[in-house]
Amino acid sequence: MDVNTNTGSTAPSDAGVAARVEAILGGMSLYEKVGQLTQLGLLPNMLGANPEDVIRLGGAGSVLWLTDRKQYNVLQKIAVEESPSKIPLLFALDVIHGYRTVFPTPLALASSWDPSVAERAQTVAAREARAAGLHWTFGPMLDIARDARWGRIVEGAGEDPFLGAAMAAAQVRGFQGDYIGSPEHVLACAKHFAGYGAADGGRDYDPVYLSETQLRNTYFPPFQAAVKANVATFMSAYMDLNDVPATGNRWLLHDVLRGEWGFGGFVVSDAFAVGNLVIQGFARDGRDAAQRALHAGLNMDMASGTYPQHLAGLVEDGSLPMTEIDAAVRPILEMKVRLGLFENPYTDESLLAQVIARPEHRSESRLVAQRSMVLLKNEGGLLPLSKNVSNLAVIGPLADSMEATEGSWMIFDHVPGAVTVLQGLRAKLPGANIQYAPGPQIARDIRSWFDNFTPEENRKPAQAAEQAEAAYQTAIETARGADLVVMVLGENADMAGEAASRASLDLPGRQEELLKAVVALGKPVVLVLLNGRPLSINWAAENVPAILEAWEPGTEGGNAVADILFGDANPGGKLPVSFPRKGSHAPLYYARNLTHSPEGSPMYNPRYWDGLPVPLYPFGFGLSYTSFSITNLQLSAAQVKVGGSLSVTVDVTNTGAVAGDEVVQLYIHQQAGSDSRPMRELRGFERVTLQPGETRSVTLTLGPDELGHWSSSAGKWLQDAEAFDVWVGADSLAELHGGFAVVG
Ligand code: BGC
């Protein structure tokens, strides 16, 4: 046994685990082996399969979507006492940004530009999930997303591979702890491998065409970082990647993931994805799908039932060697051994209540929410507001919406409990007169399939036109009576996430119309956005003095918003995605290659004649209640050898009157070489807290990982001996510039 020095607890040695796995495997029948490769989907409406019988026979290795927690121990008892080899089940669920204590969505976590914040959030999520009886979460979601129309942009870290890789590793550490099997932790799952975020037109599930160059330079780095952080599992993506569905893609799952990166855990399909290989027009039938998925390197079939139906037959008729089955089963058994499930298969059912009651869970959530918010505009220093304000109107359909405050993925066994913005403001100003009017409701034009999980009685009936008009007028009248208006606008929770792509990025419904009418009253207006994706808020950016991007901030979201609006916390988040001015400008991202007609050149041609596609807010952007200067760029050397490293140092000074955070960001550009390289690429960052007048010097290092790239022309990783630009600053438009050369 290895003693873990941080916690004093023990992790079994690799050799010990391997020997144990072989011993278990040696006693298993083919049926049981296929069982370990089978994950049962126990949605309330899918329980027809009689899971008890399947588990009793050893026909399941894992269970997901089971929301009746009492069933965990019941099913586990059947597995460990009645099934032939007595192998415990792995219980799994999507715990994406919190179980009971909800944290900001992953896009918001990335806005903190502070990996320790993401790690802390997922540490609490793991603790609560484990206390609930879960062993495995389907996160972190690591898909780079450059198209804000794609609904699942909310689940990831945004557009950038460098930031994405840092957030990936941090979330894996948070979920898994110091080692796989750490107490109060769960297995993490890096998903959706790979390229899912580049769906054609931002349409969820649509095919993806990405060159190997794009995959390796942009879409793979977060996944590779997860492997380096020892992630236990991967999930294959749904869609076709260059015409080969990810779930049947041996190049991805075998050659790259295991061959090149040395991943030793197991891969689960996305839900029903093995069976979908037939629907997608790839596999001839279920048998073909099972064989090709297994051969591609897909260990576990999530809920499609294709493996249990076909794998044993394929082995029996000689189409599939038993060695391939054994190889697929081993890492699943290994994770069960590492989690200690053979010794401790059950969960204490009283534990969850104790764990979620820990006060630090809520305080962590509040702190993380504060650190995730991005101040987009603050004209004339309207914010922070004075606590002496006595007459406040809170307006907008999301101001008192728990769903919008908690955000996406709160569907399985979820108990809503968020502090809304309205509640947060009332708690902050107990003596003030705070009037609230929601204005017209907002709703999707086309319902989501996921609405099937919302009980009928909880579904809001659509608002009739007359009611909406009355609500609109009431909202204006309410604002008219106030000295100051906080408008809370954006998107409902079901407007971003899976199957929640949209063609426009405008504020849905009549929200902008209401905003214009309220601004026309001439009162000071603060706009708080609750949303899961960048929105094209051009009018607001021009006409509303203060805008706070609060994302979907979680359980303590309303308190965190109030903390920021009234200056008890100073915003320091930065955008992990560019904000396009129009949905039709997507995909829009900062790390583009130069062209023959770059902006500023004599031959410059506007890319569109009906409005420039420059972002409304650039990647990396965010304001503070204080101001900073970043100066004195120093390089440790003017030249660095291929394979060597150099450091870049700047001085950051808080030039304002209050303490605050700045995120120092380092961008590079390789000026020429074997391939054209993006005009800017993030290659270092650090969030620092500075007192008024304080100066800190920040050093960031550039080594071969930061300076190399996958070369399209050479078909391999390389580092060119070329000249580089370097910029350091507070966003992706940073102007402080230096240069160096990589030499052979
Ligand atoms: C999603 C995955 C999720 C899985 C299990 C799928 O629909 O694409 O992200 O982990 O369901 O709930």
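From a predicted model like this one, the values you see are computed outputs, not experimental measurements.

About the cut-offs
Residues numbered from 1 in each chain as written. Predicted model: local features only at pLDDT ≥ 70, side-chain atom pairs only at ≥ 80, totals over all residues. Heavy atoms only, no water. Helix = DSSP H or I, 4+ residues; strand = E, 2+ residues; numbered from the N terminus. Buried < 20%, exposed > 50% of the residue type's maximum accessible area, 1.4 Å probe, protein only. Contact = heavy atoms within 4.5 Å. Areas by Shrake-Rupley, 256 points an atom, 1.4 Å probe, with all protein chains shown as cover. Lys, Arg positive; Asp, Glu negative; His and termini not counted. Charge placed at Lys NZ, Arg CZ, Asp CG, Glu CD. 1 Å grid on protein atoms, 1.4 Å probe; cavity = no way out; pocket = protein on both sides within 12 Å on 5 of 7 lines; lining within 4 Å. Points joined across faces, edges and corners; volume = space filled by probe spheres on them. Nonpolar A, V, L, I, M, F, W, Y, C, P; charged D, E, K, R; others polar. Domains from an automatic or database assignment. Phe/Tyr/Trp six-rings, centres within 6.5 Å; stacked < 30°, edge-to-face > 60°. Lys NZ or Arg CZ within 6 Å of the ring centre and 35° of its normal. Near = heavy atom within 4 Å. Polar contact = N/O pair within 3.5 Å; in protein donor to acceptor, adjacent residues only side chain to side chain. Buried area = accessible area lost by both parts, 1.4 Å probe.

Some points on the overall build of the chain
Within the chain, the regular secondary structure consists of 23 helices and 28 strands. Projected onto its principal axes, the C-alpha positions of the chain cover 75 × 70 × 50 Å. Evaluated residue by residue, the chain yields a buried proportion of 60% over its 744 residues. In the chain, 78% of the contacts between residues at least 6 apart in sequence involve partners at least 24 apart. Accessible surface computed for the chain: about 26,900 Å², of which carbon and sulfur atoms make up 51%. Each charge class in the chain was averaged separately, 57 positive and 83 negative side chains, and the resulting centres sit 1 Å apart.

Concerning empty space enclosed by the protein
Counting across every chain of the model gives four cavities of 30 Å³ or more. Approximately 80 Å³ is the volume found for the largest cavity. Lining the largest cavity we find 13 residues, and of these Asp 94, Gly 98, Tyr 99, Trp 409 and Phe 412 sit closest to its centre. The class makeup of the residues in the lining of the largest cavity is eight nonpolar, two polar and three charged. Here the lining of the largest cavity gathers at least three residues from each of two domains, domain 1 (14-351) and domain 2 (360-578). There is about 60 Å³ of room inside the second largest cavity. Split into classes, the residues belonging to the lining of the second largest cavity amount to four nonpolar, four polar and one charged.

Here we look at the packing of aromatic side chains
Per the stated rule, a full pass over the model turns up 25 aromatic pairs. Ring geometry for Phe 220 and Trp 261: centres 5.3 Å apart, planes at 90 degrees, overall edge-to-face. Here Phe 220 is found in the loop between helix H8 (212-219) and helix H9 (221-228), whereas its partner Trp 261 is found in the loop between helix H10 (250-260) and strand E11 (266-268), with 41 residues between them in sequence. Of the two residues examined, Phe 220 and Trp 261, each falls in the buried class. A ring pair is formed by Phe 724 and Phe 740, whose centres lie 5.2 Å apart and whose planes are at 5 degrees; its orientation type is stacked. Note that Phe 724 is positioned in strand E27 (residues 723-729) and Phe 740 in strand E28 (residues 736-743), a separation of 16 residues in sequence. Each member of the pair, Phe 724 as well as Phe 740, carries the same accessibility label: buried. The ring of Trp 727 carries Arg 680 above its face, with NZ or CZ at 4.0 Å from the centroid.

Examining the site of the ligand
Around the ligand sit 14 residues in total, of which Asp 94, Arg 152, Lys 191, His 192 and Asp 270 are the nearest. Between the ligand and the protein, one listed contact pairs an oxygen atom with a side-chain N or O atom of His 192 at 2.6 Å. The side chain of Asp 270 places a nitrogen or oxygen atom 2.6 Å from an oxygen atom of the ligand.

Regarding the layout of surface pockets
Gaps left between atoms are located by rolling a probe of water-molecule size over the structure's atoms. In this structure, the largest pocket encloses a volume near 1,500 Å³. Considering the residues around the largest pocket, the lining is formed by 49 residues, among which Glu 403, Asp 451, Thr 454, Lys 460 and Asp 494 are closest to the centre. Breaking the lining of the largest pocket down by element, the ones donating at least two residues are helix H17 (402-406) and helix H19 (465-480). Sorting elements by how many residues they give to the lining of the largest pocket places H17 first, with four residues. Considering only residue class, the lining of the largest pocket consists of 22 nonpolar, 13 polar and 14 charged. What the second largest pocket holds in volume is close to 870 Å³. The wall of the second largest pocket is formed by 32 residues, among which Tyr 590, Arg 592, Glu 599, Val 614 and Met 679 lie closest to the centre. Of the residues that constitute the lining of the second largest pocket, the class distribution is 19 nonpolar, seven polar and six charged.

Some details on the side chain of Gln 122
In this fold, Gln 122 is placed in helix H6 (residues 115-131). One polar contact links Gln 122 to Gln 171, side chain to side chain, over a distance of 2.8 Å. When sequence neighbours within four positions are dropped, the list of residues in contact with Gln 122 reads Ile 96, His 97, Gly 98, Leu 109, Gln 171, Gly 174 and Phe 175.

Comments concerning the domain arrangement of the chain
Interface size is often expressed as the accessible area that is lost when the parts come together. Per the domain assignment, the segments of the chain are domain 1 (14-351), domain 2 (360-578) and domain 3 (628-743). Computed over C-alpha atoms only, the centres of domain 1 and domain 3 are separated by 36 Å. Listed per partner, the contact involves 12 residues of domain 1 and 14 residues of domain 3. The largest share of the area that domain 1 buries against domain 3 comes from Trp 113, Phe 162 and Asn 217, three residues that together contribute 54% of it. Elements represented by at least two residues in the side of domain 1 that touches domain 3 include exactly helix H7 (161-176) and H8. Top element by residues in the side of domain 1 that touches domain 3 is H8. It accounts for four residues.

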